[in-house]
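# Understanding the architecture of this molecule
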Amino acid sequence: MFGRAFGKTEITTRMADVSGATDGASTVTTGLIAGTRVATRQGWRPVEAVAEGDEVLTFDDGLQRVSRITRTRMTRCLRKHLPLCVPVNALGNRTELWLMPDQAVVIENNAAETLVGDAFAAIPASALEGLLGIERAIPAGEIEIITLYFEDEQMVFTNSGAMLHCPAMSDLVVDLFRAVERRSYNRVPAPVAAHIAAAVATEYAAAGIAAAA
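Residues numbered from 1 in each chain as written. Predicted model: local features only at pLDDT ≥ 70, side-chain atom pairs only at ≥ 80, totals over all residues. Heavy atoms only, no water.

What follows covers empty space enclosed by the protein. Throughout the structure, instances matching the rule amount to one cavity of 30 Å³ or more. Of the volumes computed, that of the largest cavity is approximately 30 Å³. Together, 11 residues line the largest cavity, and G31, Q103, T147, H165 and P167 are the ones closest to its centre. Only β14 (143–149) and β16 (163–166) provide two or more residues apiece to the lining of the largest cavity. (1 Å grid on protein atoms, 1.4 Å probe; cavity = no way out; pocket = protein on both sides within 12 Å on 5 of 7 lines; lining within 4 Å. Points joined across faces, edges and corners; volume = space filled by probe spheres on them. Helix = DSSP H or I, 4+ residues; strand = E, 2+ residues; numbered from the N terminus.)

Here it is, written out as structure tokens:
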């Protein structure tokens, strides 16, 4: 099952650390885009409607309280920072899904088990670019990027069928008195992520052909 680490390279993503609109071109490359629905104690809710203290369903620890939320509005950015649009059914998703390029996505795949020793691997969304119609796109108008923080790093469920990474609160003083270390999910190296993404694309394309037949 989904383990505590993937490969040897720790996730190091650029998080929004202030709320409000960005000044100039955005460099925020992770976080959940408004409109993404996440599983909560109250059922599926848009991520922008989640508040601090709400309980969100996580892969490893069940329902967990959101410790902090940051929000960033993006009006323009460099092409390499553009979000990716995942068409309906591209990855088994029931609705169109928008992902920030460095947002870690959990992929279940036999290739992942072969390459990293776990069938569940966290890869950056950018690794999926160019596969199954997944491309960078310019959203219509301003978008809001929401980052949910938990006591430990978590993977949360979305109703598009994807599991997405959310970071842990950082508090060095509190960490000194913790009985155990915080969980830290690791991202697989880029070449391995590319192999896993290609294998996933092949499997989903084959499944689509089979379903059509």
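Here the narrative resumes.
Think of a pair of aromatic rings as described by two things: how far the centres are apart, and how the planes are tilted against each other in angle. Tallied over the full model, the rule gives two aromatic pairs. Taking the centre distance of 5.5 Å and the plane angle of 50° together, the rings of F59 and F120 count as tilted. Pair noted here: F59 is in the loop between β6 (55–58) and β7 (62–65) and F120 is in strand β12 (residues 120–124), with a separation of 61 residues, a long-range link. Here the aromatic rings of F59 and F157 are separated by 6.2 Å at their centres, their planes lie at 35°, and the arrangement is tilted. Taken together, the positions of F59 in the loop between β6 and β7 and F157 in strand β15 (residues 154–157) put the pair 98 residues apart, joining distant regions of the chain. (Phe/Tyr/Trp six-rings, centres within 6.5 Å; stacked < 30°, edge-to-face > 60°.)

Residue position: L57 is located in strand β6. A residue is classified by how much of its surface remains accessible, and L57, at 33% relative accessible area, is partly exposed. For the pair L57 and M155, spaced 98 residues apart in sequence, the C-alpha separation works out to 8.7 Å. Setting aside anything within four residues of it in sequence, one finds L57 in contact with A39, T40, G62, L63, M155, V156 and F157. (Buried < 20%, exposed > 50% of the residue type's maximum accessible area, 1.4 Å probe, protein only. Contact = heavy atoms within 4.5 Å.)

Under the criterion given, the structure shown has five salt bridges. The closest approach of N and O atoms between E55 and R41, which form a salt bridge, is 2.2 Å. Pair noted here: E55 is in strand β6 and R41 is in the loop between β4 (37–40) and β5 (43–46), with a separation of 14 residues, a long-range link. On the basis of relative accessible area, R41 is assigned to the exposed category, the value being 53%. Put simply, E129 and R136 hold a salt bridge, and the shortest N to O gap is 3.0 Å. Judged by its relative accessible area of 26%, E129 falls in the partly exposed class. (Salt bridge = Lys/Arg side-chain N within 4 Å of Asp/Glu carboxyl O.)

A positive phi angle is found at N89, which is not glycine, with a value near 70°. The topology assignment puts N89 in the loop between β9 (84–86) and β10 (97–99). On the basis of relative accessible area, N89 is assigned to the exposed category, the value being 56%. Of note in this structure, L132 is not a glycine but carries a positive phi near 55°. Mapping L132 onto the fold places it in the loop between β12 and β13 (135–136).

It is worth spelling out the environment of G35 at this point. Within the secondary structure, G35 is located in the loop between β3 (32–33) and β4. Overall, G35 belongs to the partly exposed group, its relative accessible area being 48%. Note: C-alpha distance between G35 and I143 (108 residues apart in sequence) is 9.5 Å.

The next subject is the sheet that holds β9. In sheet architecture, strand pairing relies on hydrogen bonds along the backbone and comes in two forms, parallel and antiparallel. Spatial ordering of the open sheet is given by β10-β9-β13, a layout of three strands whose pairing is antiparallel. Two strands in the sheet have a free side with no partner beyond their single neighbour: β10 and β13. In this sheet, β13 lies alongside β9 in antiparallel orientation, the contact comprising two bridges. Counterpart to L84 in the pairing with β13 is R136. (Pairing = 2+ DSSP bridges.)

What is shown is where atoms sit, not what they do.
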